[in-house]
Every structure is written in C-alpha cells, then in structure tokens.
Amino acid sequence: MVQGAAGLKLYLASWRTGDSFGELVRMAGPGGRVGVIANALDFIPADEREAYRRKVHDPIAEFQSFGLDAYDLALRGYYGRTERLLAELERTRVVWCTGGIAGLLRRAMRRSGFDALAPGLIWAGRLAYGGWSAGACVAGPDLRGLELMDDPHALAKGYDPEPVWEGLGRVEAASVPHYCSDHPEAEAAEAMTEWMRAHGRPHRTLRDGDVLIQNGEDLELHAGRI
C-alpha cells in the first residue's frame, strides 16, 4: 500500500471491466459521472474503432447500462486546455482508461495535463481511477518492461514522438495484464514477468478477470472466475 493513501479508489483490471464490476459501480455511486478515456486506441483508424464499438464492445454503453452517466473523455480535446480539463475532472466520479498502447495513453495524459491534475484528485478520494490493460499499467511507478508487450515508440496523429516512461505512481508495483490467460498477449506477459523478476522490479501479475481494487486502506486482488 502507498503510505497515506487511505482515500484512494482504484480499480485495475486485466481485461475490460473484469469480474468485479459491481465494485466499480459502487465507486461511481448512483448515476455517477464516468469519463471514458480511450486514447490508448488512437493508433487504430477511426472507422475501425467505431465498427468495434458497435459490433463488439462499447465501454460507454456498458457503464450506461448500470445507470451511470458515462461519456467520452478524449484527452486530445484538452491539449493546451488544462483549466477546462480540471473543471471536467472535478465533475467526474470515475475515470476509466481502456486497453491499447500504454505509451500513447501516457503521452496523452502528459500533453493534456491529466498527469498533473488527476493524481491530486485521486489521492484526495475525489476521483476514482480505473482502467484495464494499458489503463492499469500506467497507474504504476513507470512503464519499464512494458516494451515487451507494447511498442513504446508507437505513434498516432498529434502525438509527441518522445516516450513518457514515468507512470502515475498511484500504486507501487507494476501491473502485468493477461498473465496465463487466453489472450494474444499472454506470451508477452510471460516475458514481461520474467524481465520484472530478473531486474528485481515489484510487480503483480493479473489474469484476465482479475482486478486490483482499493477502496480504503489496502490494495487487494479480486481473483477472476476461473
């Protein structure tokens, strides 16, 4: 546990919302506002992303089906507009960061000012942070080792070419998603885990369905259904 972090509300999943979604709904509260940040997917053409949203998975619709006020919080719209982003975050109960390329998500957080604004709100318990895969990974101390799963130099239009290695630092250990799971990146997760062990890096492996949850003093693993 991060010392003095009693107010933190975190929900870090390996795959989508994991198998403990009710806990995330409770963090948001009845009708709570949820900002869905999907910048990790910006390397995918817009038409393909829209087709996937309509045919396979729409996180905004998933939150809305539980009575939550979910909306698209695209950080691209806040580049150079940090005051507007702060106002948006102060009206939001949960931010939910999707999977994709962690390096893109981290760059968007840096350029929009999210990484300067959100941690204080999260630390004070005014904003819950959730995410899966890439969204979970950026909550840790840094992104070292993640290059075995993601290309740290992957780019999309409007993104700075220089990688951002620092994480948000909301948890002390790195998250390794898709570990021992039926997922295309399971082999890469094994390689990342071995790298973490070899370099003595604190880390937690997450199988798809697993969720790391903090809603009070301790960060706890909620194992997924096997």
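Computed from a predicted structure; not experimentally measured.

1. Comments concerning the side chain of Arg-16
Link 1 in the chain: Structurally, Arg-16 is set in the loop between β1 (9-13) and α1 (21-28).
Link 2 in the chain: Of the buried charged residues, Arg-16 lacks a salt bridge, with Glu-62 as the closest side chain of opposite charge at 6.8 Å.
Link 3 in the chain: Looking at Arg-16, its side chain comes within polar contact range of the side chain of Tyr-52, at 2.6 Å.
Link 4 in the chain: Apart from the residues lying within four places of it in its own chain, the contact partners of Arg-16 are Tyr-52, Val-56, His-57, Trp-96 and Trp-132.

2. Some words on the sheet that holds strand β3 (residues 69-72)
Link 1 in the chain: An order of β3-β2-β4-β5-β1-β8-β9 is seen for the seven strands of this open sheet, with the pairing classed as mixed. Edge positions in the open sheet fall to β3 and β9 (219-222), since each of these has one partner strand only. Between one strand axis and the next, the sheet turns through 20° on average, direction left out of account.
Link 2 in the chain: In this structure, strand β2 (residues 33-37) lies alongside strand β4 (residues 94-97), joined through four bridges in parallel fashion.

3. Notes on the pairing of β9
Link 1 in the chain: Examined bridge by bridge, strand β8 (residues 211-215) and β9 share four bridges and lie antiparallel to one another. If you follow Gln-214 over to β9, its bridge partner there is Leu-219.
Link 2 in the chain: From the end of β8 to the start of β9, which pair antiparallel, there are three residues, and Gly-216 there has a positive phi angle of about 145°.

4. Section: the pattern of salt bridges
Link 1 in the chain: Counting across every chain of the model gives 16 salt bridges.
Link 2 in the chain: Across the pair Arg-33 and Asp-69 runs a salt bridge whose closest N-O atoms are separated by 3.8 Å. Here the residue Arg-33 occupies a position in strand β2, and Asp-69 occupies one in strand β3, the gap between them amounting to 36 residues.
Link 3 in the chain: Classification of Arg-33 by relative accessible area gives buried; the value is 17%.
Link 4 in the chain: On the basis of relative accessible area, Asp-69 is assigned to the partly exposed category, the value being 40%.
Link 5 in the chain: Taking the shortest distance from any N to any O, the salt bridge between Glu-50 and Arg-53 comes out at 2.5 Å. A residue pair is termed a helical-turn pair when its members lie 3 or 4 positions apart in one helix, as Glu-50 and Arg-53 do in helix α2 (residues 46-55) at three residues.
Link 6 in the chain: Judged by relative accessible area, Glu-50 falls into the partly exposed class, the value being 33%.
Link 7 in the chain: When salt bridges that share partners are traced, they join Arg-33, Asp-69, Glu-88 and Arg-91 into one network.

5. Side note on α1
A turn of α-helix holds 3.6 residues, and therefore any two residues three or four places apart point the same way.
Link 1 in the chain: Of the positions making up α1, those classed as buried are Phe-21, Leu-24, Val-25, Met-27 and Ala-28. Down the axis of α1, the sector holding all buried residues measures 155°, keeping them to one side.
Link 2 in the chain: Of the residues flanking the end of α1, it is Gly-29, one or two places downstream, whose phi is positive at about 80°.

6. A look at the environment of Ser-65
Link 1 in the chain: Mapped onto the elements of the fold, Ser-65 is located in the loop between α3 (59-64) and β3.
Link 2 in the chain: The class for Ser-65 is exposed, based on a relative accessible area of 55%.
Link 3 in the chain: Of the polar contacts made by the side chain of Ser-65, one reaches the backbone oxygen of Glu-62; its length is 2.6 Å.

7. Concerning unusual backbone geometry
Link 1 in the chain: Despite not being glycine, Arg-16 shows a phi value in the positive range, around 50°.
Link 2 in the chain: The buried category is assigned to Arg-16, whose relative accessible area is 19%.

8. Overview of helix α4 (residues 82-90)
Link 1 in the chain: Within α4, burial applies to Leu-85, Glu-88 and Leu-89. All buried residues of α4 fall inside an arc of 95° around its axis, so they share one side.
Link 2 in the chain: The secondary structure elements touched by the buried residues of α4 are β2, β3, β4, α5 (102-112) and α6 (114-123).

Quick notes on the rules
Residues numbered from 1 in each chain as written. Predicted model: local features only at pLDDT ≥ 70, side-chain atom pairs only at ≥ 80, totals over all residues. Heavy atoms only, no water. Helix = DSSP H or I, 4+ residues; strand = E, 2+ residues; numbered from the N terminus. Buried < 20%, exposed > 50% of the residue type's maximum accessible area, 1.4 Å probe, protein only. Lys, Arg positive; Asp, Glu negative; His and termini not counted. Salt bridge = Lys/Arg side-chain N within 4 Å of Asp/Glu carboxyl O. Polar contact = N/O pair within 3.5 Å; in protein donor to acceptor, adjacent residues only side chain to side chain. Contact = heavy atoms within 4.5 Å. Pairing = 2+ DSSP bridges. Axes fitted to C-alpha atoms, helices over the stretch in contact; angles between N-to-C directions. Arc of directions from axis to C-beta.

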